[in-house]
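# Close look at the chain arrangement
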Amino acid sequence: NSLFHEVPLAPPDVIFNLTAKYKADTFAQKVNLGVGAYRDDAGKPWVLPVVKKVEQALVNDPSRDHEYLPILGLATFREASIRLILGADSPAIKENRVTAAQTISGTGANHLGALFLSRFYSKEVPIYLSNPTWANHKPIFNNVGLETRNYAYFNPKDNGLDIDGFLSDLKAAPERSIVLLHACAHNPTGVDPTQDQWKAIADVIESKKLFPFFDCAYQGFASGDLDRDAWAVRYFVERGFELLICQSYAKNFGLYGQRAGCLTFVLKNSDAAARVSSQLAKLQRSEISNPPAHGARIVDRVLNNPELYAEWVENLREMSSRIKNMRDALRDCLIKSNTPGNWDHITNQIGMFSFTGLKAPQVAVLKEKFHIYLTDNGRISMAGLSTSNVEYVANSINHVVN
Ligand SMILES: Cc1ncc(COP(=O)(O)O)c(CN[C@@](C)(CC(=O)O)C(=O)O)c1O
């Protein structure tokens, strides 16, 4: 008998297993609405033109080597990431009370933030996650010994935000609890709080002394405007909260496999920032020693060069507007084919995903009969839609809701 013969067989990951099933499917008209990865109108992954350009320059740069990065990553990448999320004129930056660590993409930022809080904030308080939230959030926090709880988020009646449930769950939370907040383009619902609702959320977090833990994986993807998508984070900073933000460059730079991300901490003063930074370095060293260089160098060059930055903004707008067009097209097709139900949420929701309201049995039929892949909770990645498959998808949805 092996020493590990009692290791339980874990189920495959929901989202990555969907991709594998889709790839294995030989049906000509198969459609992948699973993983939240951008595809162009031909259904192909899109290497951003600005990324291609910078990669060429990097490869041809004679001074480039493969030395270790510092433990906390490329300094100019970290500084640019802080400016991107907080705004170049942020008071927190001026007062030198921000610190950051380059991480293994957004997942790594969530993990390092969780690990730090479990060590230096508290292990006794729970972290509140939106219901529903990204499938990977719960395992990330449980892995570092944090108890996870839910706050109400999605209202199935209007496929919108259950703000009353949201606020009352936070009011009932133990003081100092951590609250995970999606900065923009909520995954999986595509439903974001309005600015007034963010103010009400901030009021409860302040009065209950809760800790805001922002996860920002889609900056620039939601509205197409980087500053607008960072509004909630900047509002909380303005209100004087200490908080952290997880940034991912997987989606907005198309660098999924390069694992480029950043964990940014906003503190009360520079003394606290120095202390936090020193412990982030210690934790990071013992886990990954130092982060991967390639993706960060691409992001670093783009964010620190005005022309490349402007080109990146254009590339971002191209992705976010194609997704918006697909929202309009899907809703139009559903209405044109008299699909029962109200489909306004398809265009009211924002960012990579739409929470359709389809139930697991209906999802099963879409997968098995129509070869359309989406998660059982009815989430569809809008980037999987194209002008050539949107009608087929709408007709298939029509079939399963009738
Ligand atoms: C809210 C949220 N945070 C963090 C991440 C982490 O992304 P990264 O580590 O690649 O930077 C994702 C990616 N979510 C995807 C796009 C992929 C996945 O599940 O990992 C999704 O399909 O939900 C996300 O949706």
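Quick note: structure is the one above.
Every value quoted in this text rests on a predicted model; they were computed, and no experiment measured them. (Residues numbered from 1 in each chain as written. Predicted model: local features only at pLDDT ≥ 70, side-chain atom pairs only at ≥ 80, totals over all residues. Heavy atoms only, no water.)

### A look at the pattern of salt bridges
Heads up, the condition is: The working definition used for a salt bridge is a side-chain nitrogen of Lys or Arg within 4 Å of a carboxyl oxygen of Asp or Glu. Secondary structure counts use DSSP, requiring at least four H or I residues in a row for a helix and at least two E residues in a row for a strand, with both numbered from the N terminus. Summary of the burial criterion: residues with accessible area below 20% of their type's maximum are buried, those above 50% are exposed, and those between are partly exposed, where the area comes from a 1.4 Å probe applied to protein chains only.
Taken as a whole and judged by the stated rule, the model has 14 salt bridges. One salt bridge in this structure joins lysine 53 and glutamate 311, with 2.6 Å as the shortest N-O distance. Note that lysine 53 is positioned in helix 2 (residues 49–60) and glutamate 311 in helix 13 (residues 306–336), a separation of 258 residues in sequence. The exposure class assigned to lysine 53 is partly exposed, which follows from its relative accessible area of 45%.

### Focus: the site of the ligand
Going by this rule: The near set for a molecule or strand comprises every residue that places at least one heavy atom within 4 Å of it. For the purposes of these results, a polar contact is taken to be a pair of N or O atoms within 3.5 Å, where, inside protein, one atom must be able to donate a hydrogen and its partner to accept one; residues adjacent in sequence count only when each atom of the pair is a side-chain atom. Method for areas: the Shrake-Rupley scheme with a 1.4 Å probe, in which residue coverage is limited to the protein chains shown.
The full set close to the ligand counts 18 residues, and Ser105, Thr107, Asn187, Asp215 and Ser248 are the nearest of them. The contact in question runs from an oxygen atom of the ligand to an N or O atom on the backbone of glycine 106, over 2.7 Å. One of the side-chain N or O atoms of arginine 259 is found 2.9 Å from an oxygen atom in the ligand. Protein chains bury 93% of the 530 Å² of accessible surface belonging to the ligand in isolation. For the shell around the ligand, the secondary structure elements donating two or more residues are helix 1 (14–24) and helix 5 (105–120). Broken down by element, the residue count for the shell around the ligand peaks at three residues, all from helix 5.

### Topic: the packing of aromatic side chains
Keep this limit in mind: Pairs were defined over the aromatic rings of Phe, Tyr and Trp, the Trp ring being its six-membered one, requiring ring centres within 6.5 Å. Orientation was assigned from the angle between planes: stacked under 30 degrees, edge-to-face over 60, tilted for the rest. Only when the NZ of Lys or the CZ of Arg is both within 6 Å of the ring centre and within 35 degrees of the ring normal is a charge said to sit over the ring.
Following the criterion strictly, the structure yields 24 aromatic pairs and no others. On the basis of an interplanar angle of 50 degrees and a centroid distance of 5.7 Å, the ring pair of tyrosine 153 and phenylalanine 166 is categorised as tilted. Pair noted here: tyrosine 153 is in the loop between strand 4 (148–152) and strand 5 (154–155) and phenylalanine 166 is in helix 7 (residues 163–171), with a separation of 13 residues, a long-range link. Classification of phenylalanine 166 by relative accessible area gives buried; the value is 1%. By the ring-pair criterion, three or more aromatic residues cluster together here, those being Trp198, Phe214, Trp231, Tyr235, Phe236 and Phe241. Sitting over the face of the ring of tyrosine 22, lysine 30 holds its NZ or CZ atom 4.5 Å from the ring centroid.

So far we have only geometry, and geometry alone does not tell us how the molecule works.
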